[in-house]
Every structure is written in C-alpha cells, then in structure tokens.
Amino acid sequence: MSEKAAKADGNEDMSTINHHGSHAVGGHHDEGSYLAPKGGLVSTMWAWATTIDHKKLGVMYLAAVLTLFFLGGVAALAVRVELFQPTTMVNGKITGQVFQDAGGAVAAGHAIYNRIFTLHGAIMVFMVIVPGIPSALGNFLLPIMLGAKDVAFPRLNLLSWWVYVVGSVLGVVSIIMGGVDTGWTFYTPYSTSTDWDVYMRVVLMIGAAFVLGFSSILTGLNFVVTVHKLRAPGMGWFDMPLFVWAIYSTAIIQVLATPVIGITLLLLIFERLFHVGIFDPAIGGDPVLFQHFFWFYSHPVVYVMILPAFGIISELITVHAHKKIFGYRAMAFASLGVAFVSFLVWGHHMFASMGEMASAVFSALTFLVAIPTAVKVFNWVATLYKGSIQFTAPMVYALFFLFLFTIGGLTGLPLGTLSTDLHLHDSYFVVAHFHYVMMGGTIISFVAGIHHWWPKMFGKMYNERWAIVGACLVFIGFNLTFFTQFILGTRGMPRRYATYIPEFTELHQWSTYGSFILLLGFLVHLFVFIHSLVAGRPAPKNPWGGLSLEWETDSPPIEHNFHHEPLVKHGPYDFETTVPPHWDPKDYPIPASNFAAEKH
Amino acid sequence: MMTSLFEHGLLSATLAEGNALRDFIFGTGGTGHHAEMVEETFAWIFWISAFFFVVLMGLTVLWSVQYKRRATPVALVSSSHNTVLETLWTVIPLGILAVMFFKGFQGYLDLSVAPAGAIEMDVRAAKWDWRIIYPNGAESTEREKLGSAKEIPIFYMPAETPVKLRMVSNDVLHSFWVPDFRGKFDVMPNRYTYYGFTSGPIKGEKKLEAGPFAGTPYQDHWLFCAEYCGDSHSEMAAVVRMVPRETWAKIVDSWSGAGLTPVEKGKRLYTIQCASCHSIDGSKNTGPSWKDAFGKTETFTDGTSGVVDDAYVRESIYEPAKKLVAGYGPQMASFKGILSEDDVAAIIEYMKTISVNHKPAEGQK
Ligand SMILES: [Cu+2]
C-alpha cells in the first residue's frame, strides 16, 4: 500500500512535468508516435503485420472492418436496386428484375438475389458489427483507458487478428466461388440441402463464421484479463470509463456464447458432409434444434453488437455535454444485467415454431431485457440536463443515436409481445427493427466513436462542418430507407423476398431512394477522413476536454501509450470538480474558423 | 391516469376502429377476430411507445437547445444520481411490460388453440407451392398468375367460420402467413403444426364473374410464405378467397376429382404440385421442362445417360436425387408418400401427351 502510494507520488511529479512538456520529449525510440514508419516500406509493412501493439492492431481492424462494411454496403444497395420494382412479365419479357440469369428464368434471377442478401447479412453480422467496435476501437482504447501499456496477452491479440483475417478471407472466397443462398442464419434443413452442385462454398461460408468465432473468443478472453489485471494504480472498478464496462461485458458474452455457435456450425458442416442426422428431418434430425442452438448464441450476440455502442454513447454524451453521467452504477450494472439476461431470451426468435409454454417463458424474459436497456436511455437523456453541450460531429451522432435507438428499442416491444409478433415475425417490420438497432444503434455509434477518437488515433483533426453534413445525410437517408420498411412489414411484406405484389411498390421505392442518400452520407465521411489524413490540422492532446486517460497522452499516442504510468485521481466523468488535462477550451468549438485553422 | 384512458378504450379505439392511422399502418384488409385482437394490442403498444418517445425526444431536444455550450464550458452543478427517480423509471416500465406480456399471451393462445367446431383442412407446403386439402379430399383447381407469370392457386375459404389447419412441409421450413389474418405459423418437415382462426365476414363489393357460381360475393386475401425457402420463396404465394359458407361447400364439392381420365388427372397433379419447377413450354426453370421430355435421351451429372421412360419417371418422382439431370441441382424433394402409384401413372400418361419423342407402341396406333 505504502509502496504503491510512493510510486504514485513519483508519477505525480513526472506527470506534472509532462503537462507542460507536451509532445514527444522522450529521447529513446519508444517515445515516438506509434504511427511513425520503421525504415522502408517493406519493413514498415512487415512491422505492422507482425505487430503486437494493440493500437496498430486496432487500426488494422478498423481498416478491415470499414472495407468489409463497404462490401456489405454495396450488396445492400444491390438489394435495394433489385427491390425498386417487382419482377413482372411483360409480353414474355422479364422486367423489373436487375439480376437476371443467362437462361432467362425468373427463379434463377431470384437465386442471385438470394445470394446477395445472404452476402450482405453474413458480412455485416459476422465481419462488421460483431467484431467492429470491440476489435477496432476496443483494441485501440481499452489499454489506454485503463492506463496500461498493452492488453494482457499481446501475442494472443496478434493471433486473433490473423484468425479474423483468415475467417474473412474464407468468407470472401466462398462469395467469389458463387456465394451461398442460405441467409446469414443458415437455417436447416435448407442450409444442409442447398447448393449441392458446388457444395464446398456453403461449407466454406459456415467455416468462415466458425473461424471468425474463434477470433471473438480470443479477443474476449484477452479483454477480460486486461480489465481485471491491468488497471492503472488508483483505478477501482467504479472508476473505469463506461466504455470499458461495456467492452468488458461484451467480452464475457463472447467468451461464454461463441463456443456454442462454434459447435453448432461444426455440427452443421458434419451434417452436410457426412449426413449425421442431427438437424435434417429426412434422416431423423430436428431442424428446430438448430434454431435453438443458433439463437442461444445469436441472441446474446445481439448484445455483443449493441453493448459496445452503449459504451461509446456514454463517453460521447458526457464529454461533449461536459457533464457527469447520470446514474453511473446503474449504467455499469445495466451492462452486466443485459449480458446476463441475454442468455435467456434466445427463444423469442422462434415464437412461430415453438409450443405455448416455451413461447410464454421466452416472451416474459424478453421483456426483462427491455428494462436495463430503457434505463440506459433514461440515463443518457438525464445526463444532458444542465450540461454544456457542444454540437460536434460525435455529439450530433450521439443525439441521432438516441433518436434511432429509441425507435429501434420501442419497436422491439410488439415483437416481444406474442400475439403481435405472430403477425410481424419474419416481415419487413423485423427488418426495419433490427436495422434501427444494429445500424441506427451500433453502426451509428461506431461512426460517432471513430470521429470522437479520430484525433487520438491519427493525430489529425477532421473537418467538423463536413462531418456534420455527412451525419445529417446519413440520418435522413437512414430514416427514409428503414422507416418505410416498418409500414411495409405491418402491411404484410415478408422478408427475404426478391419480388413482391404491386401494392408495395411505392414504399419500396422510397426505401431505395433513402439508401442512396445514405450512400452519399457515407461517401462524405470517407472524403472527410481522407482529407483529414492528408491535410488535417494536427490534433491537440485533448480536443474535446475529456477526463478519461486516453486524453492525457499524446495524439497520436506514443508506442508505449504513456510516458509514465498514469495515476488516477479523478473519475472519468468528474467534470464539475476537475479541469480536463491539456485542454484549451479554445481548441473547441471553432466551427466557423475551422477551415481557416486548417491552413496553418 | 394513462392506464385508465386505456381501460376506457379511448386511445386504443382511435387505432383499432377503422380510422386513417390504422389503415395507414395495416392497410384495410384485416379480417377476423384474431386480426382485431392483434390490431388492438398493437395500438396499445403503439400509444405507450409514442408517449415514451415523445417525452424522451422532447427532453433531448429541449435540453440540447437550453444547455447548448455558449462560452467556456462549465457544467451547472446538478445531481448525477437520484434513487427515487431511478427506482420509478425501472418499476413503472416493468409494470407496463407485465401487462403487455399478458395481453400478448392471450392473443397467442387465441391463435394456436383452434376454435370449437372448426372445419379441419390440411395444408401441405413444398418448394414453392401451397396446397390445401379440403375435408372431402378435394383440392382447388383454380389458379391465377402473379406479375412474374408464376401460377398460384386460389384457395376458397368459408367466411365467418372457425377453421383449423393442420400443416406439414415436404422439404424445408416454410411459414403460413395471411397478413390480413395478422398471424402466421411455421410449417415444418418433421411434425404437424396447427393454425386455428375464425374467418371474418366478406367486405367489399366483389362478385364472382364467370362459372357456375357467378354472382357469389367474395373477398381475396394474400397468402405468403414467410420463412425463407430458396429460389422462388418470394413467389410462394396463394390467394385465399372468402366466400359464403354454403357456396364454399358447393364449390369444394365440385372439385372432387371423380371421373377424370388419367391424362386429366395427371395434368391436374402437374398444375398443383410440379408447375413451379417444370414448364411445359420448353423454358428452363428450376427443373427441366416436360415439353418433349418423355422418350428423349437425358444426360446425367455423373456423365451417364438414359431414356426418359416410365421407370425413369417413377424413379425421378420417388427418388429424385438418384440420377440428376445435367445442369440441375438436387432441388426436387421426394414425393414418396404424397403421390400414389396411380398418381404417378397418371402423370406419366400426361407427360406422354406433351412429348413428340413419345412413340406409342404398335398396337396402340
Ligand atoms: Cu416457403
């Protein structure tokens, strides 16, 4: 204890010096920016490929995830274009069908569409949303927020990255071989019987999901241990930023749930290759068993997808509103509570295929999950009260998140309610609901988080005005694309349809227009990011006035994160009592002079 | 206060009883007791959600404007924790959700427990056709074309009558959804599932135009497959046509296939069960066309070849995966236990009539 205190005192002195010494004072090479190139191009690339630095791994994940997001997004646009019109036969000629087969059969055209929506779903779920925030932002930030030099097992971290790469490559190979048409849920017996002509690609795609699962498990394990072992001196459990709590809860789910899907997918591969008869009724199996296995994993994974988003939003709202989070402990426990209950609700995906008793139990449990989630939203809104809100791109996004996620959450209610779900299940209402949660929630907060930590990650500011323009386009496009789909759903449009009855045409067209506005929004962001990397003004250490530890180190951080092990003396949200370190309020906000400032 | 409003049905009435918002959300086709119940529960959830949404977003916008950063940021001192408030906003939603759960469970039982005295019918699903087998064993012979030219059946249903469907699939999972009934249930290959409902009255002015039952009032509803099932999933549809109960009984009687010749019977079986994959005009579909198929020499995926004769057709129907025609996948499920030997023979007779490759034996000329 006294030793710890002594050490802490020593650090205290140093860090005071540090405040004024600012950028890269250190003499030896470890003190340079982690981004600084190592020798020539080849050796720099080799250094990145074999790096055990959590920051570089985080940046590589970010690049990979964004690339795959682009791929999945192109598939989504293709889907929207196909759905612009229903397929009709006019004088023996097919019209309104974009994907046509050389043979000219309508069904063969639909088969192409089925591959494309599967591709969209599989990429977005397994390669973008699940690994996105934890692997990219989590890797980069978790150790820094804890005041550590790296994660607990840096080599394991490198292994996770390469496992992720292998999994993604397998998936992409399967797509290049022609893709699969099983849907990302791989429901049996469809998935065990489709595409026998070139059956390896279904096995490949399932194999990809299996391998990606391992990457998740390894990363999760690493994060759990890191949080337990590597907190900086003075940081108790309840001094951790909520982003860390969120990543921690996520990691627990990943470690516990992912093995189940691993085994399930393995069984599925066996079923296809050796006809063991577990899921395929033709040989005595039970297809609903697959659904149980699948959702036992995939529902908790819905929270793997959303909890990190909650973490980001908690950081963003507090920092940009300069206000202590309302109900910190409730927030932390809500994360853990959601993680726990999420293991008990898998059956709500199967109301239309289970008995009464099981459905009742799952419906009740599902409503339980709604509570901690609602509490979080209440807390975020309450945090705004008497804050000092600056409308930066991350904050604008955080407010959009509140709007979209609230809709996403509330539309979950009629899906958890048994009688209404029997109408809405497997309809466009579900499609709209999970896009509001997964995209309006997770992707939006991911993009928000990228903006918030961009200056930290790359040491450059981005153009605030254009980023906000992009955010607004995304918001408008998103609502146009998906709100229409709620109505399509209640009116009777089933999901995964390549064509539809003429009554639905108008709403589908609005939805397609929306998707292109969405595209435009993301292109603006892409432009803003590239512009920032090329010509952005150097970022100060603490542009927004944050209190968590990442804002105490350089932008971008040095290779070992901190010049000296930090000592935690204030909570991450004590804005009322602490002046944020290294912070010049004049850094921000400067929207009008932003362009001028960049010319320096 | 809110709950008492709901109890008096004031707010829910605005959505459930024929008004613009209800029509906007669901369309105007809803029919039957169950649909009313679902719409009512949905309305209840809708207004609660709207209330929370407006309060939350209202506060967000209000405070965003009120506390916009103006000069150097100093957050005003305010409590960041309030036990009473936090308990309230946990317990109140919990109460609301409990009520929501019970309402939902009631409606669910209403759908899965068949009404008393129901007429029982069998639903058979197979890629990508629906069949309904009426109590007298008959099946609908009336068909209609979707925009894409795929033929779908028209199922006649008695209006204002309790009905119980016993459903099973011949291949993968499907799901029986008539959106206007506001309910669906999965159809599985390994067990029966049931779907019970009491059909509603006939709305609208439509009357059958031709045929022996011309002048009968009717109302059409869509039947869709809601569980993804492959290539033509989006066209696995049918029309559910409500007609008065007495007329329904007469129509169904008129379909009982007695007195058909084998060729007629074969053609009917083809239309109901095979047409979604096999054309008779030579165009390639999920399966090979039957035009000029009988008697021709077919090449298989394993490189061998053989003549399409009686034995081969029978084998193709009962064990379709045994020999695969080159260029096609194993999409066809076995019809063993579904088509009898007589049915197969009838199909063979029908195939002969549409093939130039079929050379009738000497004596038959
Ligand atoms: Cu189907």
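Predicted model, so just to flag it, every value in this text is computed and none were measured. (Residues numbered from 1 in each chain as written. Chains lettered and ligands numbered in written order. Predicted model: local features only at pLDDT ≥ 70, side-chain atom pairs only at ≥ 80, totals over all residues. Heavy atoms only, no water.)

What about the overall build of chain B?
Tallying secondary structure elements over chain B gives nine helices and 12 strands in all. In terms of overall size, chain B is more extended than a compact globule, its C-alpha atoms giving a radius of gyration of 28 Å where 365 residues would be expected to give roughly 21 Å. If one aligns the C-alpha atoms of chain B with their principal axes, the spans along those axes are about 105 × 55 × 35 Å. A buried classification covers 50% of the 365 residues belonging to chain B. Nonlocal contacts in chain B, meaning residues at least 24 apart in sequence, comprise 63% of its contacts between residues at least 6 apart. When the accessible surface of chain B is split by element, carbon and sulfur atoms take 59% of a total near 16,700 Å². Charge-centre separation for chain B: the mean point of 35 positive side chains lies 3 Å from the mean point of 41 negative side chains. (Helix = DSSP H or I, 4+ residues; strand = E, 2+ residues; numbered from the N terminus. Rg over C-alpha atoms; globule rule 2.2 N^0.38 Å. Buried < 20%, exposed > 50% of the residue type's maximum accessible area, 1.4 Å probe, protein only. Contact = heavy atoms within 4.5 Å. Areas by Shrake-Rupley, 256 points an atom, 1.4 Å probe, with all protein chains shown as cover. Lys, Arg positive; Asp, Glu negative; His and termini not counted. Charge placed at Lys NZ, Arg CZ, Asp CG, Glu CD.)

As for empty space enclosed by the protein
Counted according to the given criterion, the structure contains four cavities of 30 Å³ or more. One number sums up the size of the largest cavity: a volume of about 600 Å³. Lining the largest cavity are 35 residues; nearest its centre among them are B:His278, B:Pro288, B:Trp290, B:Ser316 and B:Met332. Among the secondary structure elements, those contributing two or more residues to the lining of the largest cavity are helix H7 (262–274), helix H8 (310–318) and helix H9 (341–353) of chain B. In terms of residue count, the dominant contributor to the lining of the largest cavity is H8(B) (four residues). A breakdown of the residues in the lining of the largest cavity according to their chemical character gives 22 nonpolar, nine polar and four charged. Composition of the lining of the largest cavity by domain shows at least three residues from each of domain 2 (119–254) and domain 3 (262–353) of chain B. Here the second largest cavity is characterised by a volume of approximately 140 Å³. Along the walls of the second largest cavity sit 16 residues, with A:Phe126, A:Val130, A:Leu212, A:Gly213 and A:Ser216 positioned nearest its centre. Contributing elements (two or more residues each) for the lining of the second largest cavity: helix H4 (106–146), helix H7 (200–229) and helix H8 (242–274) of chain A. (1 Å grid on protein atoms, 1.4 Å probe; cavity = no way out; pocket = protein on both sides within 12 Å on 5 of 7 lines; lining within 4 Å. Points joined across faces, edges and corners; volume = space filled by probe spheres on them. Nonpolar A, V, L, I, M, F, W, Y, C, P; charged D, E, K, R; others polar. Domains from an automatic or database assignment.)

Some thoughts on the environment of A:Leu480
All names here are of chain A. When you line up the elements, Leu 480 lands in helix H16 (residues 464–491). Leu 480 sits 32 residues away from Thr 512 along the chain, and the two C-alpha atoms are 8.4 Å apart. With residues near it in sequence (within four places) discarded, Leu 480 still touches Trp 510, Ser 511, Tyr 513, Gly 514 and Ile 517.

Remarks on the coordination of the copper ion
All names here are of chain B. Of the protein atoms, only His 174 (ND1), Cys 225 (SG), Cys 229 (SG) and Met 236 (SD) coordinate the copper ion, at distances of 2.0 to 2.6 Å. For the copper ion, the four donor atoms in the first shell make angles of 90 to 123 degrees at the metal, a pattern classed as tetrahedral. Binding-site remark: the copper ion is held by donors from one chain whose sequence spacing is H-x50-C-x3-C-x6-M. (Donors = N, O, S within 2.8 Å, 3.2 Å for Na, K, Ca; no water. Tetrahedral: all angles 85-135°; square planar, octahedral: opposite > 155°, others 65-115°.)

Structural notes on the pairing of strand E9 (residues 219–225) of chain B
Residue and element names in this part refer to chain B. Counting buried positions along E9 gives five out of seven residues, so the element sits mostly inside the fold. Relative to E9, strand E6 (residues 174–178) runs antiparallel, the two sharing two bridges. Counterpart to Phe 176 in the pairing with E9 is Cys 225. Direction of pairing for E9 relative to strand E10 (residues 238–243): antiparallel, over a ladder of five bridges. Its bridge partner being in E10, Leu 223 is matched across the sheet by Ala 238. (Pairing = 2+ DSSP bridges.)

Structural notes on the environment of B:Val243
Residues and elements named next belong to chain B. Mapped onto the secondary structure, Val 243 falls in strand E10. By relative accessible area, Val 243 is classed as buried at 0%. Put simply, Val 243 and Glu 209 are 34 residues apart on the chain and 13 Å apart in space, counted from C-alpha to C-alpha. Val 243 has contacts with Tyr 156, Met 157, Pro 158, Ala 159, Ile 202, Thr 216, Pro 217, Tyr 218, Trp 248 and Ile 251, leaving out every residue within four places of it along the chain.

A short note on the interface of chain A and chain B
Of the residues lining the interface, 98 residues belong to chain A; the matching set on chain B comes to 84 residues. For the pair chain A and chain B, the summed buried surface comes to about 7,800 Å²; carbon and sulfur atoms form 69% of the total. At the junction of chain A and chain B, the tally comes to zero salt bridges. On inspection of chain A and its partner chain B, the count reaches 13 residue pairs in polar contact (both at pLDDT 80 or more). Among the elements that take part in the side of chain A that touches chain B, helix H11 (residues 356–384) of chain A stands out by supplying 16 residues, more than any other. For the side of chain A that touches chain B, the class distribution of residues is 54 nonpolar, 32 polar and 12 charged. (Buried area = accessible area lost by both parts, 1.4 Å probe. Salt bridge = Lys/Arg side-chain N within 4 Å of Asp/Glu carboxyl O. Polar contact = N/O pair within 3.5 Å; in protein donor to acceptor, adjacent residues only side chain to side chain.)

Observations regarding the sheet that holds strand E4 (residues 151–158) of chain B
Residue and element names in this part refer to chain B. Across the sheet, which stays open at both edges, the six strands sit in the order E3-E4-E10-E9-E6-E7 with mixed pairing between neighbours. Single-partner strands in this sheet number two, and they are strand E3 (143–145) and strand E7 (183–187). Mean inter-strand twist for the sheet, computed between neighbouring axes without regard to direction, equals 30 degrees. With five bridges connecting them, E6 and E7 associate as antiparallel partners. Across the sheet, the residue bridging to Trp 177 is Lys 184, located in E7. In the packing of helix H6 (residues 245–255) onto the sheet, contacts are made with E4 and E10, and the angle to E4 comes to roughly 135 degrees. (Axes fitted to C-alpha atoms, helices over the stretch in contact; angles between N-to-C directions.)

Re the packing of aromatic side chains
Counted under the stated rule, the structure contains 59 aromatic pairs over all chains. Measuring from centroid to centroid gives 5.5 Å for A:Phe310 and A:Trp380, while their planes differ by 65 degrees, and the two rings are edge-to-face. Of this pair, A:Phe310 sits in helix H9 (residues 287–321) while A:Trp380 is found in helix H11, placing the two residues 70 residues apart along the sequence. By relative accessible area, A:Phe310 is classed as buried at 1%. Through a chain of ring-to-ring contacts, three or more aromatic side chains come together here, namely A:Phe429, A:Tyr436, A:Phe478, A:Phe482, A:Phe483, A:Phe486, B:Phe26 and B:Phe42. Its guanidinium or amino end placed over the ring of A:Trp48, A:Lys56 lies 5.3 Å from that ring's centre, counting from NZ or CZ. Residue placement shows A:Arg491 over the ring face of B:Phe24; its charged tip is 5.2 Å from the ring centre. (Phe/Tyr/Trp six-rings, centres within 6.5 Å; stacked < 30°, edge-to-face > 60°. Lys NZ or Arg CZ within 6 Å of the ring centre and 35° of its normal.)

Quick word on the confidence of the model for chain B
Residues and elements named next belong to chain B. A residue-level look at chain B finds 90% of positions with pLDDT of 70 or above and a mean pLDDT of 83. Below pLDDT 50 for its whole length, residues 1–16 participates in 24 contacts with residues either more than four positions away or in separate chains. Scored as a complex, the prediction yields pTM 0.85 and ipTM 0.84. (pLDDT = per-residue confidence, 0-100.)

Quick word on the packing of helix H12 (residues 393–410) of chain A against helix H4 (residues 33–66) of chain B
With their axes 10 Å apart at the nearest point, H12(A) and H4(B) run at an angle of 175 degrees to one another. The angle between H12(A) and H4(B) falls in the class roughly antiparallel. Here A:Leu399, A:Leu402, A:Phe403, A:Thr406, A:Ile407 and A:Leu410 of H12(A) come into contact with H4(B), specifically with B:Ser49, B:Phe53, B:Leu56, B:Met57, B:Thr60 and B:Ser64. For the contact of H12(A) with H4(B), the residue count by class is eight nonpolar, four polar and no charged. (Parallel < 35°, antiparallel > 145°, perpendicular 65-115°, else oblique.)

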